[in-house]
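# Residue-level structure breakdown
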Amino acid sequence: MGKRSKKPSKPSSSTAVKGGRAKASAASSSALKYTVEDLLVKIDELIEQFEFETAQKFCERALQIDPNHQQLLETTAAIFLELGNPDSAYEVLARAVDISPDVGHVKYMYLGQMCPGMDGARHYVKGLAIMEQTLEAERASGAAASATTVCVEDICTGYCSLAELYLTDLCFEEDAQARCGEFVSKALQLCPDNAEALQLMASFRLSEGNTEVAKELIVKSVDSWLQSGDEQAEAAAAATPDDSTKHTPPYPARVAASKILIEVGEHQRAFTVLDGLIDDDDEVIQVGVRNRLQCQFVGSLHVCTQQALYAVPNSHHLLGSFVI
């Protein structure tokens, strides 16, 4: 009779513990071979591909490595906003402020957009102060314009956001008009040809009843980016991925521009702006109504209204909101 094979011996408890530790150590070293900066590169790639849920998972992993990393916290908040989760975004940004209140402006600019009234204004003011200090320090160190982390255009945009707050949410504050004028003037001092700042100043002058100055400002603003249909086609054909000439403002800003143009009597420019908006999205009822009105602006109000109702059925409730 042959020998019976030996049963494999059961590892001792000490051997099992050592093996478990070795596996844990290998997993730990594997995780640590990626730095937060490495993961941020991957997160940026995912954001560019609109893979926000996957990007958020990478943020969680990166935060395990460094839970206090400012850029990572700001990026995480931005992803939460893209995912429609403003409460989580606010918590992350508030944590970033607690950790480093005097370094990094991005968190304050986000909070300025998210918080209402004076809370939003305070965040904008703090963020702008940090931006100006950062730019001044970088210039003093001899850094080239392309190497600075803040540019004058960023600061200009921040002042525009602050001024707009005093034109809207804070318009009933005692010093709203003076503050709005102060902030939009600072924006234009930094970037005299900035389309957003010019349009905002036009809106401010209209609120003062200064239609002629408002007209000059809105025309200068719109003409800096407005293109006719033929120009748009030519630009689209010749454009490269890096082409940033004649940057077209966001849809809401162009809607606001069309309203100002109508109020100052620049009907032809208004029509061109509205025509472009309809090309981008022909299902926005207010734009459709306003565009139809502009097509008929020479006629009587009654004719314009009938044409608008014909163009966009069931739009009676909208007509009262337009200035002809």
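To keep things clear, this report deals only with the structure shown in the data block. (Residues numbered from 1 in each chain as written. Predicted model: local features only at pLDDT ≥ 70, side-chain atom pairs only at ≥ 80, totals over all residues. Heavy atoms only, no water.)

Moving on, we come to the overall build of the chain. Per the secondary structure count, the chain includes 17 helices and zero strands. Taken across its 324 residues, the chain has 35% of its residues classed as buried. Taking contacts inside the chain between residues at least 6 apart in sequence as the whole, the part at least 24 apart equals 53%. Surface summary for the chain: the accessible area is close to 19500 Å², and the carbon and sulfur share equals 52%. (Helix = DSSP H or I, 4+ residues; strand = E, 2+ residues; numbered from the N terminus. Buried < 20%, exposed > 50% of the residue type's maximum accessible area, 1.4 Å probe, protein only. Contact = heavy atoms within 4.5 Å. Areas by Shrake-Rupley, 256 points an atom, 1.4 Å probe, with all protein chains shown as cover.)

With 47 residues, the main nonpolar core has Ile 155, Leu 162, Tyr 166, Ile 218, Val 222, Trp 225 and Val 273 as its most contacted residues. When contributions to this core are tallied by element, the ones reaching two or more residues are helix H7 (117-140), helix H8 (152-167), helix H9 (176-190), helix H10 (195-208), helix H11 (211-223), helix H13 (251-263) and helix H14 (267-280). Dropping the residues within four chain positions of it, Ile 218 is found in contact with Gln 199, Ala 202, Ala 257, Ile 260, Leu 261 and Val 264. With 12 residues, the next largest nonpolar core counts Leu 73, Phe 80, Val 92 and Ile 130 among its residues. (Core = buried A, V, L, I, M, F, W, Y, C linked by side-chain atoms within 4.5 Å.)

Direction vectors running N to C along H11 and H13 enclose 140 degrees, while the axes themselves pass 10 Å from each other. As the angle between them shows, H11 and H13 are arranged oblique. As H11 packs across H13, the resulting crossing turns out to be left-handed. On the side of H11, the interface is formed by Thr 211, Ile 218 and Val 222, while H13 contributes Ala 257, Ile 260, Leu 261 and Glu 263. Here the residues of the contact of H11 with H13 sort into five nonpolar, one polar and one charged. (Axes fitted to C-alpha atoms, helices over the stretch in contact; angles between N-to-C directions. Parallel < 35°, antiparallel > 145°, perpendicular 65-115°, else oblique. Left-handed = near helix turned anticlockwise from the far one by under 90°. Nonpolar A, V, L, I, M, F, W, Y, C, P; charged D, E, K, R; others polar.)

What the rule picks out here adds up to three aromatic pairs. Ring geometry for Tyr 159 against Phe 183: centres 6.2 Å apart, planes inclined by 20 degrees, an arrangement best described as stacked. In this pair, Tyr 159 sits in helix H8 while Phe 183 sits in helix H9, placing the two residues 24 residues apart along the sequence. Here Tyr 159 and Phe 183 have matching classes, each one buried. Ring geometry for Tyr 166 versus Phe 183: centroids 5.9 Å apart, planes at 40 degrees, classification tilted. Taken together, the positions of Tyr 166 in helix H8 and Phe 183 in helix H9 put the pair 17 residues apart, joining distant regions of the chain. No difference in accessibility class separates Tyr 166 from Phe 183, as the two residues are buried. (Phe/Tyr/Trp six-rings, centres within 6.5 Å; stacked < 30°, edge-to-face > 60°.)

A separate point is the pattern of salt bridges. Applying the stated criterion across every chain, the model contains 10 salt bridges. For Glu 182, the salt bridge goes to Arg 179, with nearest N and O atoms at 3.2 Å. With Glu 182 and Arg 179 both in helix H9 and three residues apart, this pair spans about one turn of that helix. For Arg 179, a relative accessible area of 27% gives the class partly exposed. Here Arg 269 and Asp 223 are joined by a salt bridge, their closest N and O atoms 2.9 Å apart. With Arg 269 in helix H14 and Asp 223 in helix H11, the pair connects residues that are 46 residues apart, well separated along the chain. (Salt bridge = Lys/Arg side-chain N within 4 Å of Asp/Glu carboxyl O.)

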